[in-house]
Each structure stands twice: as C-alpha cells, then as structure tokens.
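One-letter residues, chain by chain:
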Amino acid sequence: MTMYNAKDWLVVDTGLRPADENMALDKTLLLAMSEGQIPGIFRFLRFEESALVGYHQSPEQELNLEFCREQGIAVQRRLTGGGALIFDPTQIGWELVCRREALPPGDMAALSRRICEAAAAGLSLLGVSARFRPRNDIEVEGRKISGTGGIMDGNVLLFQGTVLVDLDIPRMLRVLRVPLEKLDAHAISSVAERVTSLKALLGKAPELTAVQKVLLDGFRAHLGLSFVQGDLPDAVAALLPEALAEVRDAEWLGINRRSRDELPLRKATLRAPGGTLQAEMLWDSYGNRVRQVHFSGDYFVQPRRAIVDLEAALRNVHLNDVDGIIAGLFEKQSVDGFGLQPEHFATVVRMAAKDA
C-alpha cells in the first residue's frame, strides 16, 4: 500500500461520466483517503444529464420521475446533503477530498465560507463579481451561480461544488417536481432572477479548461494550496467496482423510503436559518406519542449519521420528551447543523403533531 505525505494536492479531471460513476468515485475517494492510500485530491467532474437528490431527500418528493424516465435522465443520490441538482455536460463539478487538518480550522459553517470564498475569488478572474452567500452558495449580483456542500467521515472531508457554465431553466423546472400548471413564463422569469450562468453573464460560455484554471488559482491564492496534475490513483480504481455496485443498488436511492401503517401520517415543513427541514411522522394521538419520525429536506448535518440516530431516539416517545432527547443527542455527538439547532428539529416535530 502506497502512503502519501506530500504537501501538494493531486488535481484529477475524471471527465464526463454517468451519475452513478461520479457518486461511486466519491465513495472510493473517501475510503482511499481514510486508509491513507491517496494524497489530498482536487477533482474536476462532469455529468451526463442527471438529477441528483441530496442525501436526506426523497426522489419521489423532489423530482418528476416520470419525466426523467421519458427523457433518459439518470437519477442518483449524493453523499452530501442539500437540495436537488440538475446536471448536464455544460456544467462543471469540483471537489476536495482530504484530511480535515489540511484545511483551515473551524466548524463546517466556517470552513464552508473559506472554501466558497476561494472558489468565488477564482470565478471572479473570469470577469464576474462572484462572492460567498451564506450558508453555502456563490452568487453574482444576487443570483446563484454555484452551490456547495460537504461531509465529514471520521477525519476525512469531502467538499464539493458546481459551476453553472450554462443553464436550461425550462428543462430544469420540468425535472424538478413542479406542477405543469406552474411551468409558465412567470416561473421561468422568477428562476432567472435568482439563478444565473457564466454564459448569461459573459455573453458566451467560457472554455471548461479556463473555468478549471481560475478555480485552482482561487484556491492557491486564498487557501495557500499547491497543486500537481495527475491521473486517478490506482488505489481508487481498485475500489471503484464495489462502490459502483453499492450506488446502483436500489437500496441506495431508496434510503428515504419508509413503510406506512395504520397510524395517521403527519407532515410539517420548517424554513430555518440552516435550511428547509421536513418531518413526516407516524403519530399516536391517543398517547400523545411519536411512534416514528423521518427528517428530510435541503440541509447539511455533521456527522451525517446524526439524523439516523435522532430518528431512532425519537421512536415511541412522548411529545413532552422530544426537546430533551434532541438536545441531548446534539450535545453527545457534537452535531454541527450549519445553522440548524436542536430547537428547529423539536419545532418541526411539534408542528407535525398539530397537523390535522
């Protein structure tokens, strides 16, 4: 096994790939990094047309799956949280995989800011005024041009982002679960006021290699990283088949599918500083108890398994005990919710309990 201690980050461009291959590569990079088989990686990636839901989301809730099937649009689940993303070959993905100590100290919110500021500085070299927008976006003149997100697996970090080089807004809205009657000129105009692309800003789409170069320049200047170009390490290629089988398994995409029973299903949505939090709950009104609750939505939480543990801790508990259970788990696991606090989870549970 080759051990790496090099200061330089290895820059790899894995090219245009299907969504399942890109997700499997994320898994293998995390594993290879945790085993000390690779140096810090800065990966550029592109996707064949696909729709990716965040780790905590349900494809059935977020996407028009029938349209995706008709159009041959692949559906996959990311390792990171956040909202649904629509990819096509015009967009560029970038990601860092490293030991946590390879980047500035701080919680995930602080680290997200530093990374986004570096990426924004790089994009600004193209002639646009890019800047960080809390909690994890990059914007130009108030319109989003890049979204980011990350996870920690032990001491290993995966942080990734996208750059909208071009954007087909009408098609994006068809892929997302937007009712047909709302897919009008007003809806398209509304999205265009909030999201933009390099092509829209510059008048033409820059070369992909130019976008890659300025991103690396931004990370050099703002985080002091040094890079060497290279190929994907052999250790990653060796791990890829097993990871590919995992993400192609129906269980991976179906993580958020739940069984139902005779108890009433209650739902609630809370928009909080740390994201949009949804709760679906099997509710025992006679005993005033939470039988089972499932959290989903557009948010980031570290450690990622904290949500699974929280759902397990909230099985068959009295509503009056919910706040204490959630606060205790946040403290025990040192949960970082990127702005989401224990009271937000408790609030959305109480909201669901009151749902008629």
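Everything discussed here concerns the structure shown above.
What you are looking at is a predicted structure, and each value in this text was computed from that prediction instead of being measured.

Cut-offs used in this document
Residues numbered from 1 in each chain as written. Predicted model: local features only at pLDDT ≥ 70, side-chain atom pairs only at ≥ 80, totals over all residues. Heavy atoms only, no water. Pairing = 2+ DSSP bridges. Helix = DSSP H or I, 4+ residues; strand = E, 2+ residues; numbered from the N terminus. Axes fitted to C-alpha atoms, helices over the stretch in contact; angles between N-to-C directions. Contact = heavy atoms within 4.5 Å. Parallel < 35°, antiparallel > 145°, perpendicular 65-115°, else oblique. Left-handed = near helix turned anticlockwise from the far one by under 90°. Nonpolar A, V, L, I, M, F, W, Y, C, P; charged D, E, K, R; others polar. Buried < 20%, exposed > 50% of the residue type's maximum accessible area, 1.4 Å probe, protein only. Polar contact = N/O pair within 3.5 Å; in protein donor to acceptor, adjacent residues only side chain to side chain. Phe/Tyr/Trp six-rings, centres within 6.5 Å; stacked < 30°, edge-to-face > 60°. Lys NZ or Arg CZ within 6 Å of the ring centre and 35° of its normal.

> Even after reading the chapter, I still don't get the sheet that holds strand 2 (residues 41-47), so can you show me in this structure?
To summarise the sheet geometry, strands pair through backbone hydrogen bonds and adopt either a parallel or an antiparallel arrangement. The mixed open sheet is built from 8 strands, whose spatial order is 7-8-9-10-6-2-1-11. Two strands close off the open sheet at either side, each with one partner strand: strand 7 (130-133) and strand 11 (227-229). Shown here is a sheet whose adjacent strand axes are inclined to one another by a mean of 25°, direction ignored. Note that strand 1 (residues 9-17) and strand 11 share 3 bridges and pair parallel. Within strand 11, the position partnered with W9 by the bridge is F227. With respect to the sheet, helix 4 (residues 108-124) is in contact with strand 6 (92-99), strand 7, strand 8 (137-140), strand 9 (143-153) and strand 10 (156-163), its orientation differing from that of strand 7 by roughly 165°. Where helix 8 (residues 208-223) meets the sheet, its contacts fall on strand 1, strand 2, strand 6, strand 10 and strand 11, and the angle it forms with strand 2 comes to roughly 150°.

> Would you take a moment to explain the packing of helix 1 (residues 19-34) against helix 9 (residues 234-248) for this structure?
The description of two helices packed together rests on the angle between their axes and the distance between the axes. Axis separation between helix 1 and helix 9 bottoms out at 8 Å; the angle between their running directions is 125°. Taken together, the axes of helix 1 and helix 9 are oblique relative to one another. The chirality of how helix 1 crosses helix 9 is right-handed. Counted together, D20, E21, M23, A24, L25, K27, T28, L29, L31 and A32 of helix 1 and V236, L239, L240, A243, L244, E246, V247 and R248 of helix 9 form the full contact between these two elements. Considered class by class, the residues forming the contact of helix 1 with helix 9 number 12 nonpolar, 1 polar and 5 charged.

> Sorry, what's going on with the packing of helix 12 (residues 322-333) against helix 13 (residues 342-354) here?
Where helix 12 meets helix 13, the axes come as close as 9 Å, and the angle between the chain directions of the two elements is 150°. Of the possible angle classes, the one that applies to helix 12 and helix 13 is roughly antiparallel. The way helix 12 lies across helix 13 gives a crossing that is right-handed. The residues of helix 13 that touch helix 12, namely those facing V322, D323, I326, A327 and F330, are P342, F345, A346, V349 and R350. For the contact of helix 12 with helix 13, the residue count by class is 8 nonpolar, no polar and 2 charged.

> What is the right way to look at the side chain of E62 in this model?
Looking at the secondary structure, you find E62 in helix 2 (residues 59-62). By relative accessible area, E62 is classed as buried at 19%. In terms of polar contacts, E62 uses its side chain to reach the side chain of Q57, at 3.5 Å. With sequence-adjacent residues up to four places away left out, E62 is seen in contact with V53, Q57, A84, L176, R177 and Q278.

> I'm lost on the packing of aromatic side chains in this one. Help?
By convention here, two paired aromatic rings are described through the distance between centres and the angle between planes. Enumeration over the complete set of coordinates arrives at 11 aromatic pairs. Seen from their ring centres, F42 and F219 are 5.2 Å apart, and the 75° between their planes marks the pair as edge-to-face. With F42 in strand 2 and F219 in helix 8, this pair connects stretches of sequence that are 177 residues apart. Here F42 matches F219 in class, with each residue buried. Ring geometry for F42 versus F227: centroids 5.5 Å apart, planes at 80°, classification edge-to-face. Of the two residues, F42 is situated in strand 2 and F227 in strand 11; the sequence distance between them amounts to 185 residues. With a relative accessible area of 0%, F42 lands in the buried category. The cationic tip of K27 hangs over the ring face of W252; the distance from NZ or CZ to the ring centre is 4.4 Å.

Take it as geometry only, folks, not as evidence of what the structure does.
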